[in-house]
Amino acid sequence: MTARLIRLAAAAALPVAFAACSKTTTTATTTAAATTTLAVTTSKPALTGTLNVFAAASLTSAFNAATATLTSANPGLSITYNFAGSNALVAQIQQGAPADVFASADQKNMTTLVNAGLVDTPVTFAKNKLEIAVAPGNPKHITGLADLAKPGVSVVLESPGVPAGDYTRQVETQLGITITPKSLAPDVKTAITQVTTGEVDATVVYVTDVHAAGAQVTGVPIADNLQPSITYPIAVVKATKNPTAAQAFVQSAVSGEVQKALLAQGFLAP
Amino acid sequence: MTPAVLAAGAMALVVLPLIGLLLRMPWSSVGGDLADHDALLALRLSLECSLGALAVSLVLGVPLAWVLARRRFPGRSLARALVTLPMVLPPVVGGIALLYAFGRRGFAGRWLYALTGWRLPFTAGGAIVAEAFVAMPFLVITAEAAFRSLDRRAEEAAATLGAPPGYRFRRVTLPAVAPALAAGAALTWARALGEFGATITFAGNFPGTTQTMPLAIFQDIEGGNSGVALALSLVLLAVSLIVLVGLRDRWLGGT
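Remember, predicted model here, so these are calculated numbers, not experimental data. (Residues numbered from 1 in each chain as written. Chains lettered and ligands numbered in written order. Predicted model: local features only at pLDDT ≥ 70, side-chain atom pairs only at ≥ 80, totals over all residues.)

Counting secondary structure elements, chain A contains 11 helices and 11 strands. With 270 residues in all, chain A has 52% of them scored as buried. Put simply, of all contacts in chain A between residues at least 6 apart along the chain, 79% involve residues at least 24 apart. (Helix = DSSP H or I, 4+ residues; strand = E, 2+ residues; numbered from the N terminus. Buried ≥ 20, exposed ≤ 12 C-beta atoms within 10 Å, placed from the backbone. Contact = placed C-beta atoms within 7 Å.)

A tally of helices and strands in chain B yields 13 helices and zero strands. Looking at chain B residue by residue over its 255 residues, the buried ones come to 38%. Contacts spanning at least 24 positions in sequence make up 75% of the contacts within chain B whose residues lie at least 6 apart.

To continue, consider the interface of chain B and chain A. One frequently used descriptor of interface size is the decrease in accessible area upon assembly of the parts. Taken residue by residue, the interface counts 21 residues in chain B and 19 residues in chain A. Elements represented by at least two residues in the side of chain B that touches chain A include exactly α5 (91-102), α10 (197-202) and α11 (213-222) of chain B. The greatest single-element share of the side of chain B that touches chain A, amounting to four residues, is contributed by α11 of chain B. For the side of chain B that touches chain A, the residue count by class is nine nonpolar, nine polar and three charged. (Nonpolar A, V, L, I, M, F, W, Y, C, P; charged D, E, K, R; others polar.)

Turning our eyes to something else, we now look at the environment of P98 of chain A. All names here are of chain A. Position of P98 among the secondary structure elements: in the loop between α4 (86-94) and β4 (101-103). By C-beta crowding, P98 is classed as buried, having 22 other C-beta atoms within 10 Å. Separated by 138 residues in the primary sequence, P98 and V236 place their C-alpha atoms 12 Å from one another.

The next thing to look at is the pairing of strand β2 (residues 48-56) of chain A. Residue and element names in this part refer to chain A. Bridging between β2 and strand β3 (residues 76-84) involves nine bridges; their strand directions are parallel. Following the sheet pairing, T50 is matched in β3 by S78. Read from β2 through helix α3 (residues 60-73) to β3, the crossover connection turns out right-handed. Pairing of β2 with β4, which is carried by three bridges, proceeds in the parallel orientation. Paired with F54 across the bridge in β4 is F102. (Pairing = 2+ DSSP bridges. Right-handed = clockwise from strand over helix to strand, strands pointing away.)

Turning our eyes to something else, we now look at the sheet that holds strand β9 (residues 202-206) of chain A. Residue and element names in this part refer to chain A. Read across the sheet, five strands follow the order β8-β7-β9-β6-β10 without closing on themselves; strand pairing throughout is mixed. Looking at which strands have only one partner, the edges of the open sheet turn out to be β8 (183-185) and β10 (218-221). Each strand axis lies, on average, 35° off the axis of its neighbour in the sheet, ignoring direction. Of the strand pairs in this sheet, strand β6 (residues 130-134) and β10 are connected by four bridges, and their pairing is antiparallel. Looking across to β10, one finds that E131 is bridged to P221. (Axes fitted to C-alpha atoms, helices over the stretch in contact; angles between N-to-C directions.)

Bear in mind that shape data such as this cannot, by itself, settle questions of function.
Take a look at the structure:
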């Protein structure tokens, strides 16, 4: 989390340092003939330059999975991701962090940037569902959200403003239950880590986070009639220095390689 | 470049961010922001936990400083190096280390949890341990230096007059090192008050139990609630300045 602070500070002040401490930097080095290209660039020259994609933490696995394909099709393109809670990314972009694309896990955070005039018109590219993540084998025999409100079950939820946490509190209200978390996490990945390290018994994240965590956690589904509408919007940041690549990435998230990676990770088509 | 220019650069590096913070401060709403429910919780918790960490540091750290200064034993240099390690160790690494020792699955914490059902993470006790881990070295090195530089003839005189060791320590040694201890305690408290990385990693982040001021600032700035974050930052900046001004004779050479 200190790393996140460092990223926040660096993103706001020092683009060079920012690139150095972000989680994933992929620079294509291959010159082999591209077999796959971004949908939008099939008849255009390959994309070049750097692209900073600020994306909700829940998109980590899917976006990382798509990177290899994108950069092998565009050897001159270097994609850097900044994964965090959508609200933290909004704060960073408002402070002038060098983002080219923003992908949010809810409409509310995207609307903040739309209203501030900082992003182009967003487009919805994926849907998701909430799921309870518990220790492998579900030792506490958790069957639903109501069990998380019971004493003796320690839970971590995401902070207010973080989409997954806000969605969960929405369902709590609907069910008339109150879950008292032990701690508030800044994003879904931090929350699920508290379960995999065994510090808490359960958390509420997305189906796709449980999928990405593999055997480290067991997922307990939440009934469809309780699922809030979880839609992911993506938009080009107006201050981008690489609008061509930014637009291509957005297109790819809607109907290209990135969309394929999303579906493979358990996201639903919009 | 002349030294004066470089010196001005150094001053700018330190002073400009402070000016930036003060320029952005929403002065008219600072009072209201500090009266925010979670801000008040964070203020109170920070005060309690930092004083708790100071108490732990005094009770454990002063005897340790005395032993390091006065007793000769094998491995003393190693002990001295280990004690000061948290001063240079990144606090987040300290937090992870604390978790693996005292967390619910930690090698010591799991026994505590199995026997009592009690654990340090997610409790104010955890925040105190994290703060003490990071801040105690400041007290130990200050106190050890004081014990070392103390003129031992006063203690020896007391001994020849028949004062027992405990009495000598309380009535002769402690009063002589009191100013140094006070300075070390102030630094320790200020460091504990500002602790972030070890606390959020080990103790967690929840209003009223573990969300101290730095954690509340982090959450508010991530959540776009910069008013509360800035108001709390102002409190921490003011406390830091007060501590430094109070210590200026000792640490800044005075004027």
